[in-house]
Amino acid sequence: MTDLSNSKPETGAFFPRDRLWHPPGLTPGYKTSVLRSPQKALLSLDGTVSEITGPVFGHSILGELDNDLIHNFAKSGESAIGERLVVHGRVLDERGRPVPGALLEFWQANAGGRYRHKKETYLAPLDPNFGGCGRTITDANGHYAFRTVKPGPYPWPNGVNDWRPAHIHFSVFGHGFAQRLITQMYFEGDPMIWKCPIVQTIPDKAAIEQLVAALDWGNTIPMDARAYKFDIVLRGRRSTLFENRMEGN
Amino acid sequence: MVQSLGFLKESASQTAGPYVHIGLTPNFASIGGVYETDLGATMVNDKTLGRRITISGRVLDGTGTPLRDALIEIWQADASGLYNSPSELRGSADPNFAGWGRCPTHGETGEYRFETIKPGRAPFRDGRLMAPHISFWIVARGINLGLNTRMYFGDEETANAEDPVLARIEHRIRVPTLIAAANGDTYRFDIHLQGEKETVFFDI
């Protein structure tokens, strides 16, 4: 809260979600979606106070190494193996305004493409110094940054020979529960992006390209880590000027 | 030609995948020592106002099999119907209740469980009161875009009957999919992704 004290809270309802831009629920090329996708029409609901509000996370929840996946699971004096990266960018809304105070949580495979998870069966080895999770909160300008190693691609059971391109999962909270979003970041120039059934759930090529982070040479740290820039856009919200009063008409 | 609206497009959703627990509930995923606790694991403390309740249930796929790799988040008002959010302009919510919780479904049984409080009533857009309800957001492997729904309370028949959102459901036979069965202070709310009992999901 205190971080946002200079910005007046907004109470407008969110712009409708463009469901032709997002992946549909049923995407048979991604087999698991077949039995997990609702088949009936969604009930459209202009945001009430239950949707336009959302939880706030203060910086007090953050530990010193939460935004450093190279070190946050590593033994003292050691670090995760892999190509060292800085991933940074901004969280904006559809109006182009920065979203300050947004909690970002990220998770990923290690440099060999292996997740630290009991259901993971890929033969690539675990890295004893890599857990694979991190989090941060955007600053007043909507900016975030974290350090990690580049995740490896990995095979997964879907088609006979399907592989995920290197990617980092992002979970994002905006200012309203209706802005809640999970997405994935891909890496510029990776030819495997275009072979992936999960990427292909997104119908629009421009929507896919928006999830591909650019190599950011300017912010690359010499002799240390390359930088990738990844901006995330959350739903915008209407101006409240002409909104109905929320109570007591 | 006309002027450009200049709007950006929302980042497209991608599935949370099978390893969502690594990122969102790492202690649950046996990745210890990174975060002290998993966010959203505890919703109430000794000072929280309101009636303690338990909500549990499962998320079921089109064959009736419970999802054992799903993750649910809930968002609700406090006991007096206020949300703990800067966008809440009607008053200050209970400082001992954030109103947000997160729970993975159990790796064997598929059960989820929230220990929380019964929310008060909040107004619809036109000022009419909505019945007490809790917003649910469900993600999992195979779900491409998080699913939004609401849970209402089975022991609130009068309030439910006048709820403006429930009233919008054209096929009345589907209304019970949003109403949790009450058993004292425990409420049972199963979420059906498909089939005859498919839960009403919202485009909010």
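Here the structure is a predicted model, which means the values were calculated and not measured.

1. Quick word on a nonpolar patch on the surface
On the surface, Leu26, Val34 and Leu35 of chain A cluster together into a nonpolar patch covering about 230 Å² of accessible area. Note that Val34 of chain A resides in the segment before strand 1 (43-44).

2. Regarding the packing of aromatic side chains
The description of an aromatic ring pair uses the distance of the two centres, along with the angle that the planes make with each other. Considering all chains together, one arrives at 22 aromatic pairs over all chains under this definition. When the ring of Phe114 of chain B is compared with that of Phe136 of chain B, the centres are 6.5 Å apart and the planes differ by 85 degrees; the resulting orientation is edge-to-face. Separated by 22 residues along the polypeptide, Phe114 of chain B in strand 5 (residues 112-117) and Phe136 of chain B in strand 6 (residues 133-139) bring together distant segments of the chain. Residues Phe114 of chain B and Phe136 of chain B agree in their burial class; the two are buried. Taken together, Phe106, Tyr144, Phe146, Phe170 and Phe230 of chain A form an aromatic cluster joined through their ring pairs. The residue whose ring lies beneath Arg135 of chain A is Tyr35 of chain B, and the NZ or CZ to ring-centre distance is 3.6 Å.

3. Focus on the confidence of the model for chain B
Of all residues in chain B, 100% attain a pLDDT of 70 or more, and the chain-wide mean is 97. For this predicted complex, the interface confidence score (ipTM) comes to 0.97, while the overall pTM stands at 0.96.

4. A short note on the interface of chain A and chain B
Size of an interface: often given as the accessible area lost when the parts come together. Facing 98 residues of chain A, the contacting portion of chain B comprises 77 residues. Summing both partners gives a buried area of about 7800 Å² for chain A against chain B, and 57% of it is carried by carbon and sulfur. When the area that chain A buries against chain B is broken down by residue, the three leading residues are Arg36, Leu43 and Phe177 of chain A, summing to 11%. One salt bridge connects Asp46 of chain A with Arg125 of chain B, and the closest N-O pair in it is separated by 3.5 Å. Of all the elements in the fold, those that place two or more residues in the side of chain A that touches chain B are strand 1, helix 1 (49-52), strand 2 (84-93), strand 3 (103-107), strand 4 (133-137), strand 8 (167-172), strand 9 (181-187) and strand 12 (232-234) of chain A. Per-element tally for the side of chain A that touches chain B: the top contributor is strand 9 of chain A, with 5 residues. The residue inventory of the side of chain A that touches chain B, partitioned by class, reads 43 nonpolar, 30 polar and 25 charged. Alignment of strand 1 of chain A against strand 11 (residues 202-203) of chain B, held across 2 bridges, turns out to be parallel. Following the sheet pairing, Ser44 of chain A is matched in strand 11 of chain B by Asp203 of chain B.

5. Considerations on the confidence of the model for chain A
When pLDDT is averaged along chain A, the result is 93; 94% of the residues meet or exceed 70. Of the regions scoring below 50 in pLDDT, residues 1-5 of chain A engages in 5 contacts with residues more than four places distant in sequence or in other chains.

6. Comments concerning the pairing of strand 3 (residues 71-75) of chain B
Residues and elements named next belong to chain B. Across the 5 residues of strand 3, 5 count as buried, placing the element largely inside the fold. Side chains of strand 3 alternate between two faces, with Leu71, Glu73 and Trp75 and Ile72 and Ile74 buried alike. Both strand 3 and strand 4 (residues 100-104) contribute to a ladder of 5 bridges, which runs antiparallel. When the sheet's bridge partners are listed, Leu71 is paired in strand 4 with Pro104. Alignment of strand 3 against strand 6, held across 5 bridges, turns out to be antiparallel. Bridged to Ile74 within strand 6 is Phe136.

7. Examining the side chain of Asn129 of chain A
Residues and elements named next belong to chain A. By secondary structure assignment, the location of Asn129 is in the loop between strand 3 and strand 4. A distance of 3.0 Å separates a polar atom in the side chain of Asn129 from the backbone nitrogen of Lys75. Side-chain polar atoms of Asn129 contact the side chain of Glu78, separated by 2.9 Å. Those residues in contact with Asn129 that lie beyond four places of it in its chain are Ile70, Phe73, Ala74, Lys75, Glu78, Ser79 and Ala80.

8. Some words on the side chain of Glu88 of chain B
Note that Glu88 of chain B resides in the loop between strand 3 and strand 4. When neighbours within four sequence positions are excluded, Glu88 of chain B is seen to be in contact with Val49 and Thr53 of chain A together with Gly81, Leu82 and Tyr83 of chain B.

9. Let's talk about the environment of Thr149 of chain B
Residues and elements named next belong to chain B. Relative to the elements of secondary structure, Thr149 occurs in strand 7 (residues 147-153). On the basis of relative accessible area, Thr149 is assigned to the buried category, the value being 3%. It is 9.1 Å that separates the C-alpha atoms of Thr149 and Ile191, two residues lying 42 residues apart in sequence. The residues touching Thr149, leaving out its near neighbours within four places in the chain, are Ile134, Ser135, Phe136, Ile138, Leu178, Thr199, Val200, Phe201 and Phe202. At 2.7 Å, the side chain of Thr149 forms a polar contact with the backbone oxygen of Val200.

10. As for the environment of Ile143 of chain B
Mapped onto the secondary structure, Ile143 of chain B falls in the loop between strand 6 and strand 7. The buried category is assigned to Ile143 of chain B, whose relative accessible area is 5%. Beyond its immediate chain neighbours, meaning those up to four positions away, Ile143 of chain B contacts Arg36 of chain A together with Thr15, Ala16, Ile138 and Leu193 of chain B.

11. A few points about the state of the cysteines
Using the criterion set out here, one finds 0 disulfides over all chains in the structure. The cysteine Cys103 of chain B is free of any disulfide, with Cys133 of chain A supplying the nearest cysteine sulfur at 18 Å. A relative accessible area of 12% places Cys103 of chain B in the buried class.

12. Details of the pairing of strand 9 of chain A
Taken residue by residue, a regular strand's side chains alternate between the two faces of the sheet. All names here are of chain A. Among the 7 residues that make up strand 9, 7 are buried, leaving the element largely enclosed by the rest of the structure. As defined by bridge partners, strand 8 adjoins strand 9 across 6 bridges and the pair is classed as antiparallel. When the bridges of strand 9 are listed, Ser171 appears paired with Ile182. Where strand 9 and strand 10 (residues 212-221) come together, 2 bridges link them in parallel fashion. If you follow Tyr186 over to strand 10, its bridge partner there is Val212.

Rules used throughout
- Residues numbered from 1 in each chain as written.
- Chains lettered and ligands numbered in written order.
- Predicted model: local features only at pLDDT ≥ 70, side-chain atom pairs only at ≥ 80, totals over all residues.
- Heavy atoms only, no water.
- Patch = residues over 30% accessible without salt bridge, like charges linked within 9 Å, V, L, I, M, F, W, Y side chains within 5 Å.
- Areas by Shrake-Rupley, 256 points an atom, 1.4 Å probe, with all protein chains shown as cover.
- Salt bridge = Lys/Arg side-chain N within 4 Å of Asp/Glu carboxyl O.
- Helix = DSSP H or I, 4+ residues; strand = E, 2+ residues; numbered from the N terminus.
- Phe/Tyr/Trp six-rings, centres within 6.5 Å; stacked < 30°, edge-to-face > 60°.
- Buried < 20%, exposed > 50% of the residue type's maximum accessible area, 1.4 Å probe, protein only.
- Lys NZ or Arg CZ within 6 Å of the ring centre and 35° of its normal.
- pLDDT = per-residue confidence, 0-100.
- Contact = heavy atoms within 4.5 Å.
- Buried area = accessible area lost by both parts, 1.4 Å probe.
- Nonpolar A, V, L, I, M, F, W, Y, C, P; charged D, E, K, R; others polar.
- Pairing = 2+ DSSP bridges.
- Polar contact = N/O pair within 3.5 Å; in protein donor to acceptor, adjacent residues only side chain to side chain.
- Disulfide = S-S within 2.5 Å.

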